[in-house]
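# Coordinate inspection notes
Take a look at the letters that make up each chain.
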2 protein chains.
Amino acid sequence: MSAADQPIYGRVALIGLGLIASSMFWGMKRAGLAGEVTGYARSQETRDTARKIGLCDQVFDSAQEAVKDADLVVLCVPVGVMGAVAKDIAPALKPGATVTDVGSVKRQVIDDVSPHLPTGVHFVPAHPLAGTEHSGPESGFAELFDNRWCLLITDAETDRTAADNLARFWRGLGSNVDEMEADHHDLVLAVTSHTPHLIAYTMVGVADDLRRVSESEVIKYSASGFRDFTRIAASDPTMWRDVFLNNKDATLEILGRFTEELFALQRAIRQGDGDHLHDYFTRTRAIRRGIIEAGQDTDAPDFGRGSAS
Amino acid sequence: MSAADQPIYGRVALIGLGLIASSMFWGMKRAGLAGEVTGYARSQETRDTARKIGLCDQVFDSAQEAVKDADLVVLCVPVGVMGAVAKDIAPALKPGATVTDVGSVKRQVIDDVSPHLPTGVHFVPAHPLAGTEHSGPESGFAELFDNRWCLLITDAETDRTAADNLARFWRGLGSNVDEMEADHHDLVLAVTSHTPHLIAYTMVGVADDLRRVSESEVIKYSASGFRDFTRIAASDPTMWRDVFLNNKDATLEILGRFTEELFALQRAIRQGDGDHLHDYFTRTRAIRRGIIEAGQDTDAPDFGRGSAS
Ligand SMILES: NC(=O)c1ccc[n+]([C@@H]2O[C@H](COP(=O)([O-])OP(=O)(O)OC[C@H]3O[C@@H](n4cnc5c(N)ncnc54)[C@H](OP(=O)(O)O)[C@@H]3O)[C@@H](O)[C@H]2O)c1
Ligand SMILES: NC(=O)c1ccc[n+]([C@@H]2O[C@H](COP(=O)([O-])OP(=O)(O)OC[C@H]3O[C@@H](n4cnc5c(N)ncnc54)[C@H](OP(=O)(O)O)[C@@H]3O)[C@@H](O)[C@H]2O)c1
């Protein structure tokens, strides 16, 4: 940032101090987006770690203390506990404050959080499309959100000033910002993230089960795709359990389509229908080209990490 | 290599001049593994390109000319045409020569190739576990095989001198070499590569089908896992068609297990059984740790390419 930039919020409170919150903290410091940042996490251990590594200007032993006087409160906890956390902090929220979250599912979080928030507090849900398979207070880094999308969930009821400030805030963290409706978000993410994660977890589970192929063989000879799958399947179990339980409908819909198409390919393999396979595999290349053209991945060979067969 | 190293083979012939063959060529030059390298590809276009970029010391217009006097002949064509190519070159093979291949499937290739080879020619099938999603004569690079595994298929009948020389050759290309029996190879690869590829193709196909989520949304908001899936699903359609048609049994077996486990997870989502999901997602993390410890991937955050949810 240039020194002339004003912080967007005087005080920001981070509730939950894991990968996303710690990355937000370092990103806020990099860009001078907040006057002061307070934090709270459930366990003493995480709070101690945060204090030790200088994560947050002040770490409090209760969420209510952390959100007191905050202009922006960011819920950075697993999707399944967003409602409970909102209920806990509600009495301590400053009138006019903005509450947001970073949950990977939006409809259920909105249904869980909204009822607890007092009038005059603006709720603008958000979802940064960035992460790694690591978690906890020490896993964050300022660059996590650079050039990634952050989706704000808005509708006719949204307070525009609150949403516009939050959009500026996410741009300050390095993201591109789009706005979207909650159910559509949940469907898009079921396609681009949630179902792929479930599939990756399943494939790694199958490899782990198979007694005729030893674990050491799976490990030694794992090439991508499989190696990429294991990376995905190393993500936090609590976070992902909550994602699937709370984006149930969209995930089940996409899974249904997935198994339908998989069965068609399986039948083509069984019947030796090479044309069906070839056509299918040709069609899917176009999407890859689109992603590269959109600058969301590179086409460079990734020496040694590349796919093998 | 040190200048003192002798080439392992006086003359090496590459049949098929795509990603694998061109990477082998540059790798042989880097390490001085062959006195001379000849080449042949099916199309005039590929042969012209090869001549233009200096791929092979001599490019011939027939496979028979290319293999004449070769001490090592490497079949670098799709799995489905290995048999036809072997039949074509058989009369021109030098007595005592070694024939190998780089196909991603082994049992079927052995069944297709062996019957054509004259006595006194040694067949030692191989499979380098390295690749990218690119193909063709211009996609190769010398480093492709560095620190990757190359599996040689051997049994009691294998000519040990031929196999040992081929192992030295692959080590010279940068690989680690293991030996394995053909059917076991096909099962291991069905787990670590073939089924993951089919799944990735399927998931990308589902995204492409879904009219309620636009292609531009899929592209813009694709995070890993999905972005990794699109990379995998950009691989050559002919190569992969042949892999699935020729590793039918193992692929169908692993697919069967995969859908079984996927259905169990799907039911857990439908019934809200969070413990089942959490347990499953915890178990799969151990495999990831093993892969990192084995040095087959890194644990570093891959800024911006990492998973999002
Ligand atoms: N990781 C990703 O790839 C990614 C990407 C985008 C969005 N998200 C979303 O971001 C949110 C946080 O994910 P993360 O990756 O940052 O997770 P994380 O690293 O596992 O951190 C979660 C934090 O939440 C705290 N917490 C858990 N349960 C709590 C409770 N009942 N009350 C108060 N605090 C609680 C944890 O505290 P303790 O440490 O004390 O247990 C921890 O500080 C999730 O909603 C996730 O869906 C994640
Ligand atoms: N790519 C990988 O990730 C990978 C990894 C390990 C092993 N493999 C195996 O390596 C082999 C080659 O794969 P690749 O990636 O190098 O493929 P590629 O880049 O697509 O090249 C294939 C080559 O085979 C030639 N060819 C095709 N059909 C032929 C025929 N009927 N007769 C003679 N030549 C023919 C092609 O000639 P034209 O150019 O003239 O069509 C081309 O030069 C396959 O068996 C594959 O399973 C691939």
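Quick summary incoming for the structure in this document. (Residues numbered from 1 in each chain as written. Chains lettered and ligands numbered in written order. Predicted model: local features only at pLDDT ≥ 70, side-chain atom pairs only at ≥ 80, totals over all residues. Heavy atoms only, no water.)

We now examine the site of ligand 1. In the vicinity of ligand 1 there are 29 residues, among which R42(A), S43(A), T46(A), V77(A) and S104(A) approach most closely. The environment around ligand 1 is built from residues contributed by chains A and B. Between an oxygen atom of ligand 1 and a main-chain N or O atom of L17(A), the distance comes to 2.7 Å. Across the complex, the protein chains shield 89% of the 900 Å² of accessible surface that ligand 1 would expose by itself. (Near = heavy atom within 4 Å. Polar contact = N/O pair within 3.5 Å; in protein donor to acceptor, adjacent residues only side chain to side chain. Areas by Shrake-Rupley, 256 points an atom, 1.4 Å probe, with all protein chains shown as cover.)

Attention now goes to the pairing of strand β1 (residues 9-15) of chain B. Residue and element names in this part refer to chain B. Within β1, 6 of the 7 residues are buried, which leaves the element mostly enclosed by the surrounding structure. Bridge count between β1 and strand β2 (residues 34-40): 6 bridges; the pairing is parallel. Each bridged residue has a counterpart across the sheet, and for A13 the counterpart in β2 is T38. For the crossover from β1 across helix α1 (residues 19-31) to β2, the handedness is right-handed. When β1 meets strand β4 (residues 72-75), the two strands line up parallel, connected through 4 bridges. Among the inter-strand pairings, I15 is bridged to a residue of β4, identified as L75. (Buried < 20%, exposed > 50% of the residue type's maximum accessible area, 1.4 Å probe, protein only. Helix = DSSP H or I, 4+ residues; strand = E, 2+ residues; numbered from the N terminus. Pairing = 2+ DSSP bridges. Right-handed = clockwise from strand over helix to strand, strands pointing away.)

Of all the residues in helix α10 (residues 237-246) of chain A, the buried ones are P237(A), W240(A), D242(A), V243(A), F244(A) and N246(A). Contacts made by the buried residues of α10(A) are with α5 (107-113), α7 (182-209) and α11 (248-271) of chain A together with α11 (248-271), α12 (274-283) and α13 (285-293) of chain B. (Contact = heavy atoms within 4.5 Å.)

Time to look at the pattern of salt bridges. Taken as a whole and assessed by the stated rule, the structure comprises 38 salt bridges over all chains. A salt bridge links E133(A) to R231(A); its shortest N-O distance comes to 3.2 Å. In this pair, E133(A) sits in the loop between β7 (126-128) and β8 (149-153) while R231(A) sits in helix α9 (residues 226-232), placing the two residues 98 residues apart along the sequence. The class for E133(A) is buried, based on a relative accessible area of 5%. In this structure, E36(B) and R11(B) form a salt bridge, with 3.5 Å as the shortest nitrogen-oxygen distance. Of this pair, E36(B) sits in strand β2 while R11(B) sits in strand β1, and the two are 25 residues apart along the sequence. Since its relative accessible area comes to 25%, E36(B) is described here as partly exposed. In this structure R11(B) comes out as buried when scored by relative accessible area, which is 14%. (Salt bridge = Lys/Arg side-chain N within 4 Å of Asp/Glu carboxyl O.)

Placing chain B over chain A gives an RMSD of 0.0 Å and needs a rotation angle of 180 degrees, together with 0.0 Å of translation along the axis. When the rotation and shift are considered jointly, the pair of chain copies conforms to a two-fold rotation axis. Closest approach to the rotation axis within chain B is made by the C-alpha atom of D228(B), at a distance of 3.4 Å. A shared binding surface is used by both copies, with 100% of the interface residues of chain B retained as interface residues in chain A. (Least-squares fit on C-alpha atoms with pLDDT ≥ 70 in both.)

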